[in-house]
Amino acid sequence: RVRHQQLPAWAPEAEPWLALTAWVAQQSRGLPLAPPAGDALDVAAQQGERLYRERRGALNLSCAQCHDERAGLRLGGSLIPQGHVDDYPVFRLEWQALGSLQRRLRGCFSGVRAEVPAWDSDALMALQVYLARRSAGLTMQPPGVRP
């Protein structure tokens, strides 16, 4: 968009960007999620797993405490998922819009009252790599719907 069309980059969560990612993701619907391998991605996945298990914020919670230990229970009336990424981007009823995995992760950081990482930060990228690897083999179902 920037280099070839000389147009400004879309902002995070811009509707055209999400529509495009949903359309591209939907082309993989029904296929197994198969995240790529590589040394740099291995390092990112290890960092992502550390972040996933690390307690943070005023509530002193880790991702694992909700999405591993309490998966299937309810939080505020909503079912706590297992932390898989096979259906992103998702339409969340709460947002009344399509949203990315980064938006959801930033919402979780905010929910435990922790410092929210910047868009496309190394921390968010590492978490996404780890979650993709943890979801490997699941059938792709994008775009998903969540409460």
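Residues numbered from 1 in each chain as written. Predicted model: local features only at pLDDT ≥ 70, side-chain atom pairs only at ≥ 80, totals over all residues. Heavy atoms only, no water.

**Q** Can you help me understand the overall build of the chain in this one?
**A** Within the chain one finds six helices and five strands. For the chain, the α and β elements follow one another from N to C terminus as α-α-α-α-β-β-β-β-α-α-β. Projected onto the principal axes, the alpha-carbon positions of the chain cover approximately 45 × 35 × 30 Å. Looking at the chain as a whole, 35% of its 147 residues qualify as buried. The contacts of the chain with a sequence gap of at least 6 include a subset with a gap of at least 24, amounting to 63%. Here the chain contributes 17 positive and 14 negative side-chain charges, whose respective centroids are spaced 5 Å apart. (Helix = DSSP H or I, 4+ residues; strand = E, 2+ residues; numbered from the N terminus. Buried < 20%, exposed > 50% of the residue type's maximum accessible area, 1.4 Å probe, protein only. Contact = heavy atoms within 4.5 Å. Lys, Arg positive; Asp, Glu negative; His and termini not counted. Charge placed at Lys NZ, Arg CZ, Asp CG, Glu CD.)

**Q** How should the sheet that holds strand β3 (residues 90–92) be read in this particular structure?
**A** In a beta sheet, neighbouring strands are held together by backbone hydrogen bonds and run either parallel or antiparallel to one another. What the three strands build is an open sheet, ordered β4-β3-β5; its pairing is mixed. For this open sheet the edge positions go to β4 (97–99) and β5 (144–146), each flanked by a neighbour on one side alone. Going across the sheet, the axis of each strand differs from the next one's by a mean of 35°, ignoring polarity. In the sheet, β3 pairs with β5 via three bridges, with the strands oriented parallel. Of the residues in β5, the one forming a bridge with R92 is R146. (Pairing = 2+ DSSP bridges. Axes fitted to C-alpha atoms, helices over the stretch in contact; angles between N-to-C directions.)

**Q** Is there a simple way to explain helix α2 (residues 15–26) in this structure?
**A** Note on helix geometry: an α-helix contains 3.6 residues per turn, so any two residues three or four positions apart are oriented the same way. Counted at 1.5 Å a residue, the expected span for α2 with its twelve residues is 16 Å, and the 16 Å between its end C-alpha atoms agrees. Those residues of α2 hidden inside the fold are in contact with β4. (Expected span 1.5 Å × (residues − 1).)

**Q** Before we go on, may I ask you to explain the packing of helix α5 (residues 101–111) against helix α6 (residues 122–134) in this structure?
**A** Between two packed helices, the angle of one axis relative to the other and the distance separating the axes together describe the packing. Viewed as axis vectors pointing N to C, α5 and α6 meet at an angle of 110°, and their least axial separation amounts to 10 Å. The pairing of α5 with α6 is recorded here as roughly perpendicular in orientation. On α6, the residues that touch L101, Q102, L105, R106 and F109 of α5 are L124, M125, L127, Q128 and L131. (Parallel < 35°, antiparallel > 145°, perpendicular 65-115°, else oblique.)

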